[in-house]
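# Structure at a glance
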Amino acid sequence: MTQLTKGIFHSPDITGKAVLITGGAGFIGSNIVEYLLNNGARKVRVLDNLSNGFKRNVEPYLNNPAFEFMEGDITSPETCAKACEGINLVSHQAALGSVPRSIAFPQQTHAANATGFLNMLVAARDANVERFVYASSSSVYGDLTDSPKVESKIGKSLSPYAVSKYTNELYAGVFALNYNMKVIGLRYFNVFGPRQDPNGPYAAAIPLFMDALLNDKDAWLNGDGEQTRDFTFVQNAVQANVRAFFTPHPEAFNKVYNVAVGENISVKELFHMLANIAGVPAKPKHRDERPGDIKNSLADISLARKFLGYEPEVKLKEGLAITFDWFSKNFK
Ligand SMILES: NC(=O)c1ccc[n+]([C@@H]2O[C@H](COP(=O)([O-])OP(=O)(O)OC[C@H]3O[C@@H](n4cnc5c(N)ncnc54)[C@H](O)[C@@H]3O)[C@@H](O)[C@H]2O)c1
């Protein structure tokens, strides 16, 4: 486990809360689980079907009396209802990530990300949960070229994945309106960190680069590598979830927030930075650009600062060093 997840920012008192993390066996979800248990949450329940996550990500907690693992699928309304029983706060992370996956299998993406999301909203409403925080995505900005991205203006979606995440935001909005639910959406921008999976056809760039540098494999840049991203260390995403659970701001609800650092860098430059950390020469290879990919991505994070009190505490270089350290212990 990462030592970093032990109270990096001053956490509100979570000792009285029972929290459900859907997708808690995945990358971001398991980092949220770790934070909550390290900070004394009364109960942390994970609902995950292990389609893209791993039991090993929550293995250290299986004997913790405050932890409960439910293997199940959010496409089942009954499973979602069961998972919400006795829960105060929901952090909904379960989804099938990846733009290319959604282009290859749009129905799978829709089932997990749109139908599953609606099931979770209904279950959370029926269980009267206090707050429902969910993972949206910067992909919602689609073809918008404005920079930095501000929450109030989005473009046309470029993939089924983006459509599914935008659908989440629309549903969350009408549930807040019609059922008075306290919902908060988090548009994550390229999250990276310990436990992000480098394997499989839909792995993200940073874990692939880590694996390539550590294990002497080819590292591929899509196109010229000049596309930019606002890479966000996972601990910042964890912080955003916890702040959303506890923000006292009366106008914080029924909104979506950019969760990023507010700084961007080209993928090529990032690769060189990583090679430098790894202490090996950077020799990336180039291949075609990916369909559905956006050219530049940079977030304006002032809304999250204002309403959630969010402040990204771990910047890119530090986050990459922590992540590299973790990968060298786990994937070499
Ligand atoms: N990683 C990023 O950069 C990023 C960026 C934007 C948005 N997001 C969103 O953040 C959330 C977490 O992403 P992640 O990177 O941790 O991905 P992940 O794949 O590691 O985690 C998602 C988890 O959800 C589970 N899951 C998928 N379908 C399910 C279903 N039908 N029922 C129950 N569980 C299911 C998977 O098994 C997995 O453990 C997702 O909603 C993703 O779309 C991630």
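Let me begin by describing the structure that accompanies this report. On a predicted model such as this, the values are computed, not experimentally measured, just so you know.

Turning next to the overall build of the chain. Looking only at helices and strands, the chain features 10 helices and 13 strands. Here the C-alpha atoms of the chain give a radius of gyration of 19 Å, agreeing with the 20 Å that 2.2 N^0.38 yields for 332 residues. By principal-axis analysis of the C-alpha atoms, the chain measures approximately 55 × 45 × 35 Å. Burial statistics for the chain: of 332 residues in total, 48% are counted as buried. Sequence-distant contacts, at least 24 apart, represent 80% of the contacts inside the chain between residues at least 6 apart.

Let us look at unusual backbone geometry. Geometrically, the link from Ser 147 to Pro 148 is a cis peptide bond, its omega value of -5° lying close to zero. Mapped onto the elements of the fold, Pro 148 is located in the loop between β5 (131–137) and α5 (160–179). Residue Leu 50 is not a glycine yet carries a positive backbone phi of 60°. Given 14 C-beta atoms within a 10 Å radius, Leu 50 is considered partly exposed. For Ser 98, which is not a glycine, the phi torsion comes out positive at approximately 95°. Tracing the chain through its elements places Ser 98 in the loop between β4 (89–92) and α3 (99–104).

For Ile 294, the position within the fold is in the loop between β13 (285–287) and α9 (302–308). On a C-alpha basis, the gap between Ile 294 and Gly 97 in space is 16 Å, while along the polypeptide they are 197 residues apart.

The next point concerns the site of the ligand. Lining the immediate environment of the ligand, one finds 27 residues, of which Gly 23, Gly 26, Gly 53, Ala 95 and Ala 135 sit closest. Counting residues per element, the ones that place at least two in the shell around the ligand are α1 (27–38), α4 (106–126) and β5. Broken down by element, the residue count for the shell around the ligand peaks at three residues, all from α1. Taken together, the residues of the shell around the ligand break down into 12 nonpolar, 13 polar and two charged.

Moving on, we come to the packing of α4 against α5. For the pair α4 and α5, the least separation of the axes is 9 Å and the interaxial angle reads 15°. As judged from the angle between their axes, α4 and α5 are roughly parallel. In this structure, the crossing between α4 and α5 has a hand that is right-handed. Facing α4, whose interface residues are Pro 106, Thr 109, His 110, Asn 113, Ala 114, Phe 117, Leu 118, Leu 121 and Arg 125, α5 presents Pro 160, Tyr 161, Ser 164, Lys 165, Thr 167, Asn 168, Tyr 171, Ala 172, Phe 175 and Tyr 179. The residue makeup of the contact of α4 with α5, split by class, is 11 nonpolar, six polar and two charged.

With that out of the way, let us pick up the environment of Lys 182. Structurally, Lys 182 can be placed in the loop between α5 and β6 (183–188). Taking the C-alpha atoms as reference, Lys 182 lies 40 Å from Glu 289; in sequence the two are 107 residues apart. Non-local contacts of Lys 182, meaning those with residues more than four positions away in its chain, are made with Glu 130, Arg 131, Phe 132 and Phe 253.

If you trace the seven strands from one edge of the open sheet to the other, you get β3-β2-β1-β4-β5-β6-β11, paired in parallel fashion. Both outer strands of the open sheet, β3 (67–71) and β11 (255–259), are each paired with one neighbouring strand and no more. Neighbouring strand axes in the sheet, compared pairwise and without regard to direction, differ in orientation by 20° on average. Summarising the sheet, strand β1 (residues 18–22) and β4 pair through four bridges and their orientation is parallel.

With that settled, consider the pairing of β5. The buried fraction of β5 amounts to seven of the seven residues, a majority that puts the element mostly inside the structure. Burial of the side chains of β5 extends over both faces: Arg 131, Val 133, Ala 135 and Ser 137 are buried on one face and Phe 132, Tyr 134 and Ser 136 on the other. In this sheet, β5 lies alongside β4 in parallel orientation, the contact comprising four bridges. Within the sheet, the bridge partner assigned to Leu 89 lies in β5 and is Arg 131. Alignment of β5 against β6, held across six bridges, turns out to be parallel. Bridge pairing links Tyr 134 to Gly 185 in β6. Once the chain exits β5 it traverses α5 before rejoining the sheet at β6, and the crossover so formed is right-handed.

About the thresholds
- Residues numbered from 1 in each chain as written.
- Predicted model: local features only at pLDDT ≥ 70, side-chain atom pairs only at ≥ 80, totals over all residues.
- Helix = DSSP H or I, 4+ residues; strand = E, 2+ residues; numbered from the N terminus.
- Rg over C-alpha atoms; globule rule 2.2 N^0.38 Å.
- Buried ≥ 20, exposed ≤ 12 C-beta atoms within 10 Å, placed from the backbone.
- Contact = placed C-beta atoms within 7 Å.
- Near = placed C-beta within 6 Å.
- Nonpolar A, V, L, I, M, F, W, Y, C, P; charged D, E, K, R; others polar.
- Axes fitted to C-alpha atoms, helices over the stretch in contact; angles between N-to-C directions.
- Parallel < 35°, antiparallel > 145°, perpendicular 65-115°, else oblique.
- Left-handed = near helix turned anticlockwise from the far one by under 90°.
- Pairing = 2+ DSSP bridges.
- Right-handed = clockwise from strand over helix to strand, strands pointing away.

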